[in-house]
Amino acid sequence: MTVRLQGKYIKNNSNTLVVIFQGVFTKTNEAYADKVVRGEISEQTVKNLHGYYHFMKVSERNPTRDYFYLEDYYSNLYGWYLFDHERFIYEELSSQLSQFIQKHHYKHVYLVGSSKGGVGAIILALHCPEVEKVFTMVPDLKISTDTFGASGRSLFFNNDPVFEKQVKTIFENKALFNELDKRDETPAFFFFTGVRDYGFKAITSFHRKLQEEYQVESHILVMPTPEPHSPLIKNHPNLMNHLIQNLDKELPWEEDEFTSVSSFSHIATYKAIGMK
């Protein structure tokens, strides 16, 4: 089965491309997966769901860049941009993205993703040499499929525990980073998270791994509020849009929006917290 890029491409004749990876849609859960497995939700209905693109306001507010809203319709529901029907696809997706970038002669390429989409942005950045920067919001490095129940395991892993473990430990696999050694320049990573995000520890560990083991520039932006995973994004849309729009800058925030506790660790200020 051939993997191809699918989604909405917005061309503004720019030399900069922003690729935006989709998170999980609110309406999908274990009950939704059950209906997909039982055939009560059609394939076309699920495809149509993926046509509702997150962060569309980003492209509306800044028409000086091109945008590709990349869909994640794999395994009859989702694939975390990693797998499709019990096989890994991220190398094929990365190759397709590289060919797309080269075909359109982009000079600057930024990847953006939230939660599940953050996983895709990270994975493809590790394999796509044209990527310059990556901005992820609470990336789901744990590959949290449990909320989709038994039907999710059937859709995503074909009830194969070996493949499921390979997926959920993908960021522990050293082979994932092999392409970095072949590159003259590596991308800069920016991770937005919060102290109550369920993935906080995994994100901070991955941030250190990039720096210490692979000498990759990596920044972690921490929200010191009691908000859990999804509200960290949903409650701060202006801040998220602001950071994405500023990816052209060396650091995508103003001096009074984040306080740096080290060169690569930054805590949100009251100003940033108030950017609703």
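Above: the structure in question.
These numbers come from a predicted model, not from an experiment. (Residues numbered from 1 in each chain as written. Predicted model: local features only at pLDDT ≥ 70, side-chain atom pairs only at ≥ 80, totals over all residues. Heavy atoms only, no water.)

**Observations regarding the overall build of the protein chain**
Moving on, step 1. On a plain count of helices and strands, the protein chain comes out with 11 helices and nine strands.
Moving on, step 2. The C-alpha radius of gyration of the protein chain comes to 18 Å, within 12% of the 19 Å expected for a compact globule of 276 residues.
Moving on, step 3. Within the protein chain, the fraction of its 276 residues that count as buried is 54%.
Moving on, step 4. Nonlocal contacts in the protein chain, meaning residues at least 24 apart in sequence, comprise 73% of its contacts between residues at least 6 apart.
Moving on, step 5. When the accessible surface of the protein chain is totalled, it reaches about 12500 Å², and 49% of it is carbon and sulfur. (Helix = DSSP H or I, 4+ residues; strand = E, 2+ residues; numbered from the N terminus. Rg over C-alpha atoms; globule rule 2.2 N^0.38 Å. Buried < 20%, exposed > 50% of the residue type's maximum accessible area, 1.4 Å probe, protein only. Contact = heavy atoms within 4.5 Å. Areas by Shrake-Rupley, 256 points an atom, 1.4 Å probe, with all protein chains shown as cover.)

**Comments concerning the pairing of strand E2 (residues 16-21)**
Moving on, step 1. For E2, the tally of buried residues reaches six of six residues, placing the bulk of the element in the interior.
Moving on, step 2. Alternating positions in E2 separate into two faces, Thr16, Val18 and Ile20 on one and Leu17, Val19 and Phe21 on the other, with burial throughout.
Moving on, step 3. Note that E2 and strand E4 (residues 108-114) share six bridges and pair parallel. Each bridged residue has a counterpart across the sheet, and for Phe21 the counterpart in E4 is Gly113. (Pairing = 2+ DSSP bridges.)

**Some points on the nonpolar core**
Moving on, step 1. The biggest cluster of nonpolar side chains holds 63 residues, and the ones touching the most others in it are Leu82, Leu111 and Phe171.
Moving on, step 2. Counting residues per element, this core draws most heavily on helix H5 (residues 116-127), at seven residues.
Moving on, step 3. Setting aside anything within four residues of it in sequence, one finds Leu82 in contact with Arg87, Phe88, Ile89, Tyr90, Val119, Ile123, Ile143, Val167 and Ile170.
Moving on, step 4. Counting 31 residues, the second largest nonpolar core, distinct from the first, contains Ile10, Val58, Tyr110 and Met223. (Core = buried A, V, L, I, M, F, W, Y, C linked by side-chain atoms within 4.5 Å.)

**A few points about the sheet that holds strand E6 (residues 188-194)**
Moving on, step 1. A sheet is described by the order of its strands in space; here nine strands give the open sequence E1-E3-E2-E4-E5-E6-E7-E9-E8, paired in mixed fashion. Of all strands in the sheet, those with a lone pairing partner are strand E1 (7-10) and strand E8 (258-260), marking the two edges. Across the sheet, the mean angle from the axis of one strand to that of its neighbour is 15°, orientation sign disregarded.
Moving on, step 2. Helix-sheet contacts for helix H4 (residues 90-103) involve E1, E2, strand E3 (66-70) and E4, and the interaxial angle to E2 is about 155°. (Axes fitted to C-alpha atoms, helices over the stretch in contact; angles between N-to-C directions.)

**A few points about the pattern of salt bridges**
Moving on, step 1. Throughout the structure, instances matching the rule amount to 10 salt bridges.
Moving on, step 2. In this structure, Lys47 engages Glu43 in a salt bridge whose closest nitrogen and oxygen atoms are separated by 3.4 Å. With a gap of four residues between them, Lys47 and Glu43 both fall in helix H2 (residues 43-49), about one helical turn apart.
Moving on, step 3. Note on Lys47: relative accessible area 35%, which makes it partly exposed. (Salt bridge = Lys/Arg side-chain N within 4 Å of Asp/Glu carboxyl O.)

**Details of the packing of H4 against H5**
Two numbers describe a pair of packed helices, the interaxial angle and the distance between the axes.
Moving on, step 1. Interaxial distance between H4 and H5 falls to 9 Å at its minimum, and their mutual angle equals 70°. Here H4 is positioned roughly perpendicular relative to H5, judged by the angle of their axes. The element H4 and its partner H5 pack so that their crossing is right-handed. Listed contacts from H5 to Tyr90, Glu91, Leu93, Ser94 and Leu97 of H4 are Ile123, Leu124 and His127.
Moving on, step 2. Tallied by class, residues from the contact of H4 with H5 come to five nonpolar, two polar and one charged. (Parallel < 35°, antiparallel > 145°, perpendicular 65-115°, else oblique. Left-handed = near helix turned anticlockwise from the far one by under 90°. Nonpolar A, V, L, I, M, F, W, Y, C, P; charged D, E, K, R; others polar.)

**Focus on helix H1 (residues 30-38)**
Moving on, step 1. The complete set of buried residues in H1 reads Tyr32, Ala33 and Val36. Burial along H1 is one-sided: seen end-on, the buried residues are contained in an arc of 100°.
Moving on, step 2. Two or three places before Ala31, at the start of H1, stands the capping residue Asn29, its side-chain oxygen 3.1 Å from that residue's backbone nitrogen.
Moving on, step 3. Of the residues trailing H1, Gly39 is marked for its positive phi of about 80°. (Arc of directions from axis to C-beta. Polar contact = N/O pair within 3.5 Å; in protein donor to acceptor, adjacent residues only side chain to side chain.)

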